[in-house]
Amino acid sequence: MCSCIFLGNQKKDIMSKAKAQQPAVIHKVIMVGSGGVGKSALTLQFMYDEFVEDYEPTKADSYRKKVVLDGEEVQIDILDTAGQEDYAAIRDNYFRSGEGFLCVFSITEQESFQATAEFREQILRVKNVNSDKSDDSIPFLLVGNKADLEDKRQVPVEEAQQRCQQWKVPYVETSAKTRANVDKAFYDLLRIMNKAKLNPRAGGKSNTLPYKKSATLKSSNVPKLKADADEQKEIKNQQKCCILQ
Ligand SMILES: Nc1nc2c(ncn2[C@@H]2O[C@H](COP(=O)(O)OP(=O)(O)OP(=O)(O)O)[C@@H](O)[C@H]2O)c(=O)[nH]1
Ligand SMILES: [Mg+2]
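Residues numbered from 1 in each chain as written. Chains lettered and ligands numbered in written order. Predicted model: local features only at pLDDT ≥ 70, side-chain atom pairs only at ≥ 80, totals over all residues. Heavy atoms only, no water.

- The protein chain goes by small monomeric GTPase in an unreviewed UniProt entry, where it is assigned to Mytilus galloprovincialis.
- As its UniProt record puts it under Sequence similarities (unreviewed entry), the protein chain is described as follows: "Belongs to the small GTPase superfamily. Ras family."
- As its UniProt record puts it under Subcellular location (unreviewed entry), the protein chain is described as follows: "Cell membrane". (UniProt positions renumbered as here; feature names shortened; annotations may be inferred.)

## Focus: the confidence of the model for the protein chain
Part 1 of the reasoning: Mean pLDDT over the protein chain stands at 82; residues scoring 70 or higher make up 71%.
Part 2 of the reasoning: For residues 203-221, every residue scores under 50 in pLDDT, and the model assigns this stretch 39 contacts once sequence neighbours within four places are set aside.
Part 3 of the reasoning: pLDDT under 50 marks residues 234-245. Its contacts with residues more than four places away, or in other chains, come to two contacts. (pLDDT = per-residue confidence, 0-100. Contact = heavy atoms within 4.5 Å.)

## Examining the coordination of the magnesium ion (ligand 2)
Part 1 of the reasoning: The protein atoms donating to the magnesium ion (ligand 2) are S40 (OG) and T58 (OG1), with metal-donor distances spanning 2.0 Å. One end of the pair, S40, is in helix 2 (residues 39-48); the other, T58, is in the loop between helix 2 and strand 2 (60-69), with 18 residues separating them in the sequence.
Part 2 of the reasoning: Residue T58 is classed as buried on the basis of its relative accessible area, which comes to 12%. (Donors = N, O, S within 2.8 Å, 3.2 Å for Na, K, Ca; no water. Helix = DSSP H or I, 4+ residues; strand = E, 2+ residues; numbered from the N terminus. Buried < 20%, exposed > 50% of the residue type's maximum accessible area, 1.4 Å probe, protein only.)

## Description of the site of ligand 1
Part 1 of the reasoning: Near ligand 1 you find 25 residues, and of these K39, V52, E53, Y55 and G83 are the closest.
Part 2 of the reasoning: In this structure, an oxygen atom belonging to ligand 1 sits 2.8 Å away from a main-chain N or O atom of G36.
Part 3 of the reasoning: Contacts to ligand 1 include D148, whose side-chain N or O atom sits 2.8 Å from a nitrogen atom.
Part 4 of the reasoning: In isolation ligand 1 offers 650 Å² of accessible surface; the protein chains occlude 92% of this area. (Near = heavy atom within 4 Å. Polar contact = N/O pair within 3.5 Å; in protein donor to acceptor, adjacent residues only side chain to side chain. Areas by Shrake-Rupley, 256 points an atom, 1.4 Å probe, with all protein chains shown as cover.)

## Overview of the pattern of salt bridges
Part 1 of the reasoning: The tally for this structure, following the rule as stated, stands at 13 salt bridges.
Part 2 of the reasoning: Across the pair R153 and E173 runs a salt bridge whose closest N-O atoms are separated by 2.7 Å. Within this pair, whereas R153 is found in the loop between strand 5 (140-145) and helix 5 (157-167), its partner E173 is found in strand 6 (residues 171-173), the two being separated by 20 residues in sequence.
Part 3 of the reasoning: Judged by relative accessible area, R153 falls into the partly exposed class, the value being 21%.
Part 4 of the reasoning: Accessibility expressed as a relative area gives 17% for E173, which makes it buried.
Part 5 of the reasoning: Measuring nitrogen to oxygen at the nearest pair gives 3.1 Å for the salt bridge that ties R179 to D183.
Part 6 of the reasoning: One salt-bridge network, held together by shared partners, links D70, K184, D188 and R191. (Salt bridge = Lys/Arg side-chain N within 4 Å of Asp/Glu carboxyl O.)

## Observations regarding the pairing of strand 5
Part 1 of the reasoning: With six of its six residues buried, strand 5 lies for the most part within the structure.
Part 2 of the reasoning: Bridge count between strand 4 (residues 100-106) and strand 5: six bridges; the pairing is parallel. If you follow F105 over to strand 5, its bridge partner there is G144.
Part 3 of the reasoning: Alignment of strand 5 against strand 6, held across three bridges, turns out to be parallel. By the bridge assignment for strand 6, G144 is matched with E173. (Pairing = 2+ DSSP bridges.)

## A few points about helix 4 (residues 110-126)
Part 1 of the reasoning: The first and last C-alpha atoms of helix 4 sit 25 Å apart over 17 residues, in line with the 24 Å expected at 1.5 Å per residue.
Part 2 of the reasoning: By the burial criterion, the buried members of helix 4 are S112, F113, A115, T116, A117, F119, R120, Q122, I123, L124 and V126.
Part 3 of the reasoning: Residues of helix 4 that are buried in the fold lie against strand 1 (25-33), helix 3 (91-97), strand 4, strand 5 and helix 5.
Part 4 of the reasoning: Following helix 4 by one or two positions, N128 has its phi on the positive side, about 55°. (Expected span 1.5 Å × (residues − 1).)

Set out below in structure tokens:
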């Protein structure tokens, strides 16, 4: 009997060690939306707690960070895509490689809100999902950014919420400047992605290829990983030291 208890404890020990050694689940998130709405600002705020005032149009940048989501460590790979029309042609490949989408518009620009419908259609088409707008099988979150600029608001909250009801997706208003709801937007999407992976019918379809293994993704189109968050911080510190010296 004694040995049974011993074996039982040993088994528990082995199982918890095995769990601890399991590689973190990887969630591939794509930032989409028109140029200048704040996709990069949100990404950089989430990654490094920094707000970038300057506007430098993105071509494509990727980031990686480990986060604890409801007690479990997961890895988030973020692909920050270009909103500028010049890069529209390479979007299909990026969208194909994504598992979850943060679709961003600026609450100060009605046009950017209208454009979210086109981005959603493109995502559903690339993912071979019925382009019926109420399909909720792809993890997707609509983000109204620049919420700190309330006096310049052009998109009423109700209008955005109405669209989300139609699409059956959540709506979050953020400010990359004040950091309001930035974590919430990313974590809420990660939760939806987690659920989708546990229940593949509700998303996480097999046509989501990892960025670098996607057969259709030309190597010239694969964005270089900027760096892990820690690595990047260290590089920044080193740069700061260089400036001070
Ligand atoms: N006030 C305010 N400004 C913001 C916010 N988010 C971004 N901006 C500013 O808006 C401009 C564009 O932001 P970006 O993050 O570069 O926009 P983007 O969506 O990445 O643009 P593309 O890379 O061209 O697709 C920058 O000057 C940012 O500082 C915000 O929440 N509030
Ligand atoms: Mg950008």
